[in-house]
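# Residue-level structural notes
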Amino acid sequence: MAGLRKAVREDYGIHVERGRLVGKPIEYRETDGSNHAPAGGIAMLDVMRTINRLADAYADASPGQAEELKGLFLDVCRHILDQGLVEGAPISRSPFGIPSSMYGWFGQSAGIFKLRQVLDEAGLLLPMSRAVAYWQNRSWLSEVPDPNNSDDWRCGFWHDLMVAIAAMPDTPEKWQRLSAAMRYVSLNITTGEAFSQALPPSGEFNHHGGFHLAYSYAMEKALDVVGRLHQSGLDVSAEAHERLRAYGRTTAWIVLDGTVATNLLLRSGGPEGKKPVANELRTLADLGPTNASGTIDPEMAALYLAVIKNEKNDATDNDAQRYRRAGIAAAELSGAVAMPNRPALVWRTPGTLVSAAAMRPDFRGFEMYAWTQSNIQGRYSVYGSVMVLQAGRKPVTPGYMPEQGWDWSLWPGATTFLAGDLELTPRSDLGYGGNRSPVGGVSVLSNQVTLLNNVAVGSDAAGLFMVDFDSDGVHFRKSVFSVGGHVLVQTSDIGSTRPEPIVTTLYQDHLDDAQQASMLEGETLTNANTDRSIRVDKPLVLRDVEGMSYTVLPVPGQSAPPTLRVLRRHQTWRLPYDKFLKEGFAEGLGKHGSLPKNLSTEEYLDQFVPRAGDFALAYVDHGTAPRDAADAYLLTLPSSTTRDTSDMPRLLVQTRAGHAAFDPVTRTYAYAGFEPDTTWKQGPLLRLGRPASVLLREMPDGSLKLAVASWSVKDTAPFILVLKGNWKTSASGGRAVAKNGETELSIPYVSDLPQSLVLRK
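Residues numbered from 1 in each chain as written. Predicted model: local features only at pLDDT ≥ 70, side-chain atom pairs only at ≥ 80, totals over all residues. Heavy atoms only, no water.

A separate point is the pattern of salt bridges. Throughout the structure, instances matching the rule amount to 36 salt bridges. Notably, a salt bridge pairs Arg 498 with Glu 500, separated by 3.1 Å at the nearest N-O pair. Given a relative accessible area of 22%, Arg 498 falls into the partly exposed group. We classify Glu 500 as buried; its relative accessible area is 15%. Measuring nitrogen to oxygen at the nearest pair gives 2.9 Å for the salt bridge that ties Glu 698 to Arg 667. Linking Glu 698 in strand 32 (residues 692-698) with Arg 667 in the loop between strand 28 (658-663) and strand 29 (668-673), this pair joins segments that are 31 residues apart in sequence. (Salt bridge = Lys/Arg side-chain N within 4 Å of Asp/Glu carboxyl O. Buried < 20%, exposed > 50% of the residue type's maximum accessible area, 1.4 Å probe, protein only. Helix = DSSP H or I, 4+ residues; strand = E, 2+ residues; numbered from the N terminus.)

Read across the open sheet, the six strands follow the order 10-9-8-7-14-13; overall the sheet is antiparallel. In this open sheet, the two edge strands, each paired with only one partner strand, are strand 10 (385-390) and strand 13 (450-451). With five bridges joining them, strand 7 (residues 335-339) and strand 8 (residues 344-349) adopt antiparallel strand pairing. Following the sheet pairing, Met 339 is matched in strand 8 by Ala 344. Of the strands in this sheet, strand 7, strand 8, strand 9 (352-357), strand 13 and strand 14 (455-457) are in contact with helix 11 (residues 238-253), which crosses strand 7 at around 120 degrees. (Pairing = 2+ DSSP bridges. Contact = heavy atoms within 4.5 Å. Axes fitted to C-alpha atoms, helices over the stretch in contact; angles between N-to-C directions.)

Along strand 17 (residues 486-496), 11 of the 11 residues are buried, which leaves the element largely enclosed by surrounding structure. In this structure, strand 16 (residues 474-483) lies alongside strand 17, joined through nine bridges in antiparallel fashion. By the bridge assignment for strand 17, Arg 477 is matched with Ser 492. Linking two consecutive strands that pair antiparallel, namely strand 16 and strand 17, is a turn of two residues; a positive phi of about 60 degrees is found at Gly 484 within it.

This part takes up helix 14 (residues 318-325). Buried within helix 14 we find Asp 319, Ala 320 and Tyr 323. All buried residues of helix 14 lie within an arc of 100 degrees about the axis, which places them on one face of the element. Helix 14 presents Asn 318 and Arg 325 as exposed residues on the side facing more than 90 degrees away from its buried surface. Summarising the contacts, the buried residues of helix 14 are in contact with helix 12 (277-287) and helix 13 (298-308). Capping the start of helix 14 is the job of one residue whose side-chain oxygen sits 3.1 Å from the backbone nitrogen of Asp 319: Asp 317. Just downstream of helix 14 lies Gly 327, where phi reads positive at about 85 degrees. (Arc of directions from axis to C-beta. Polar contact = N/O pair within 3.5 Å; in protein donor to acceptor, adjacent residues only side chain to side chain.)

Here the focus is the nonpolar core. Nonpolar side chains tend to gather and get buried jointly when the protein is soluble and globular. Ranked by size, the top nonpolar core spans 94 residues in total, and within it Phe 73, Ile 80, Ile 112, Met 128 and Trp 135 carry the most contacts. Of all the elements, helix 13 adds the most residues to this core, at nine residues. With residues near it in sequence (within four places) discarded, Ile 112 still touches Met 48, Ile 51, Phe 73, Cys 77, Leu 119, Met 128, Ser 129, Val 132 and Ala 167. Counting 72 residues, the second-largest nonpolar core is a separate cluster that includes Tyr 507, Leu 542, Phe 608 and Ala 618. (Core = buried A, V, L, I, M, F, W, Y, C linked by side-chain atoms within 4.5 Å.)

Our next topic: the packing of helix 10 (residues 219-231) against helix 12. Contact geometry for helix 10 and helix 12: axes closest at 9 Å, N-to-C directions at 25 degrees. With respect to helix 12, the axis of helix 10 lies roughly parallel. Pair helix 10 / helix 12 crosses with left-handed handedness. Facing helix 10, whose interface residues are Met 219, Glu 220, Leu 223, Val 226, Gly 227 and His 230, helix 12 presents Asn 279, Glu 280, Thr 283, Leu 284, Asp 286 and Leu 287. In terms of residue class, the contact of helix 10 with helix 12 is built from five nonpolar, four polar and three charged. (Parallel < 35°, antiparallel > 145°, perpendicular 65-115°, else oblique. Left-handed = near helix turned anticlockwise from the far one by under 90°. Nonpolar A, V, L, I, M, F, W, Y, C, P; charged D, E, K, R; others polar.)

Our focus in this paragraph is the packing of helix 9 (residues 172-190) against helix 11. Taken N-terminus to C-terminus, the directions of helix 9 and helix 11 make an angle of 55 degrees; their axes are 9 Å apart at the nearest point. In terms of orientation, helix 9 and helix 11 fall into the oblique class. Crossing of helix 9 over helix 11 shows left-handed handedness. Only Glu 239, Ala 240, Arg 243 and Leu 244 of helix 11 make contact with helix 9, whose side of the interface consists of Ser 186, Ile 189 and Thr 190. In the contact of helix 9 with helix 11, the residues fall into three nonpolar, two polar and two charged.

Another aspect to go through is the side chain of Thr 636. Topologically, Thr 636 is positioned in strand 26 (residues 629-636). Judged by relative accessible area, Thr 636 falls into the buried class, the value being 5%. In terms of polar contacts, Thr 636 uses its side chain to reach the side chain of His 486, at 3.0 Å.

We now examine helix 12. Burial runs high along helix 12: eight of the 11 residues are buried. Restricting attention to buried positions, one finds in helix 12 the residues Val 277, Ala 278, Glu 280, Leu 281, Thr 283, Leu 284, Ala 285 and Leu 287. Those residues of helix 12 that are buried are in contact with helix 10, helix 11, helix 13 and helix 14. Positive backbone phi, at 80 degrees, marks Gly 288, one or two positions downstream of helix 12.

Attention shifts here to the environment of Val 86. Within the secondary structure, Val 86 sits in the loop between helix 3 (63-82) and helix 4 (102-105). Here Val 86 falls in the partly exposed class, since its relative accessible area comes to 28%. When the C-alpha atoms of Val 86 and Ser 129 are compared, they prove to be 9.4 Å apart, with 43 residues separating the residues in sequence. If sequence neighbours within four positions are ignored, Val 86 has contacts with Leu 81, Ala 131 and Tyr 134.

This part covers the pairing of strand 32. Most of strand 32 sits out of view: six of its seven residues are buried. Relative to strand 32, strand 29 runs antiparallel, the two being bridged by six bridges. When the bridges of strand 32 are listed, Tyr 671 appears paired with Val 694. When strand 32 meets strand 33 (residues 704-710), the two strands line up antiparallel, connected through seven bridges. Of the residues in strand 33, the one forming a bridge with Val 694 is Val 708. What sits between the antiparallel neighbours strand 32 and strand 33 is a turn of five residues, in which Gly 702 has the positive phi angle 90 degrees.

Bringing unusual backbone geometry into the picture now. Leaving glycine aside, a negative phi is the common case for residues, and trans is the common case for peptide bonds. Phi angles above zero are rare outside glycine, and Asp 628 is one such case at about 55 degrees. With respect to the helices, strands and loops of the structure, Asp 628 is situated in the loop between strand 25 (611-624) and strand 26. When its relative accessible area of 52% is taken as the criterion, Asp 628 is described as exposed.

Strand order in the open sheet formed by six strands is 27-28-29-32-33-37, and the pairing between neighbours is antiparallel. Strands at the two margins of the open sheet, each flanked by one partner only, are strand 27 (650-654) and strand 37 (755-759). For this sheet, the mean angle separating the axes of adjacent strands, direction not counted, is 15 degrees.

Applying the stated criterion across every chain yields a total of 12 aromatic pairs. Both rings, one in Phe 469 and one in Phe 476, keep their centres 5.1 Å apart while their planes meet at 5 degrees; by these two values the pair is stacked. Neither Phe 469 nor Phe 476 differs from the other in exposure class; each is buried. Ring plane angle 45 degrees and centroid distance 6.3 Å describe the contact between Tyr 550 and Tyr 633, whose orientation is recorded as tilted. Linking Tyr 550 in strand 23 (residues 549-553) with Tyr 633 in strand 26, this pair joins segments that are 83 residues apart in sequence. (Phe/Tyr/Trp six-rings, centres within 6.5 Å; stacked < 30°, edge-to-face > 60°.)

Here it is in structure tokens:
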């Protein structure tokens, strides 16, 4: 009580003088997340926080204290209004184009809502709730379509604006404002720059180019608003609703055991945060399939049941029981998911999840590369990495608590420099780096349902991911073909201009027991110190300690085969997180990951306790400064070892211009074309007119199922494919012209989602 009295009467100077309420001037403007007050004045954000504190104290106060708290609260509100900080006021704006740091403003409408009755009795409810709604709404209006934007802005203010409006008197104006705000929410979801403000059709929620599930306050807040207002009869548009359903679908499919693969997280080495997937899916389920009151969306409810299996005890979950009584069973999450905006490919079964990821060229990658206390050493996660999650097993590099001794230059699947902790610690942030080449080309298909063309359902689903990478002195072209529990990773055009060796990592496994066995060419390896080097001039078979098999393949036409390195060793790594600072040191990271200027990099890293552990690892070594190098390997999941060797996916073509592969079990061909007018001699595709990823499946009825996706979100040219045989399509999305045993297929570009067609003789 004394602290609140001091804040209002002394710090803010709010008191009655000569019959008139006076106080220090209030400034609305804060800069860059701080809370700077004007000379001799007070900052608006600090005032709003005091209002919240007054509201909380009032709820538990004795009658005498409540009367004083009410007086303090009303005097602060009157002073705000006296200062002219009301609806329509010309409020100053920060250099970032927004009136305040959004992060400090989360929840700052709560105090007005909690004490709305006190305001109403004093005749201040309408002007004060209008004013708070205006402050929150200005943050939306100042948003601009910009790929560098943070989607945090939307989610925070969706919630707090609605709270401010909900505090208003129950009049037509209140419902008009809520209706208008919901219309803006709908527009915000469906329009604008597809990778900042709008949710793309694939449902990915991104933040500076990273998947936003790394945060706890993102879509959960936004969906909470949508769900609560749905109960009052106010809904988002049908198009916005479908985008939200796409978000729920994509999110559910890429979560296993409540965990997202590390290479899909925004901050690949940072805190993962709470992942409120189940809460979001429950809200979406209760919106109904078409926002119809009182109905359940069966798909979202089925996904909710699938997700909570490993998150909570669904036997005692009331919502789970409600959905089951409606005849809804848990979804069977087997299939492939295309995330073209990340870009990423996820192939999964109920117990296993494979993820391939890169980074879009037009995102600055700020928080992916260099955020304070997160991942200044984690940038290789987006160099085409391929990671596997298995149910019941601890994930690799789990966010903020990475494996002790993890070598951050060796991300499974990624093609990177072989570097130590010193080389991977930049002097200043790498936030404005990024891939200069096109990235995208994620296609999926299956014999069963394909949802919105980006979720292919069924154990027979196939997915193809491609990345043309050129950044940080390294370039390569990579494709990842996932089908039937097998993952074929092909990398060509590998080159670098730096002195460090360049490698493609197969696995890096922490050994809980130094005797945990791995395998090389039938030989069991348990020695704690192993270092084998083998020339890749024939297929070589390995197995990691998690039971996954790897067949390293020689690339056809390669004149100088690379070397396979298989190691078991003790690793030490210095990770620059404040929590690992040695006692007596206090030099943490500067703003956005910049190192202290008074320390060399070695001196800086020496402040941190080294992290150490035993590891088994394998990588393909191309040496220093390679030119036009290549490698390929087939990863086989433990649950997929029943296939005969002759039934494994096969590498057909691997050149600088393109990659091709074939899966004999599902009769699926995969083509990754990196250059215009790429020609092929194997399989049904003869020519691909422009860079794209293509999946073709020979169906039992003689038809040909096709999925194609652009290699770049910026390349919107039509797809031209020339196929063997005479084919026709009845779909409006493509035109087929057959002549002389060949068919030219023209497919107009619609979006970066994969586009699907069925061709018949």
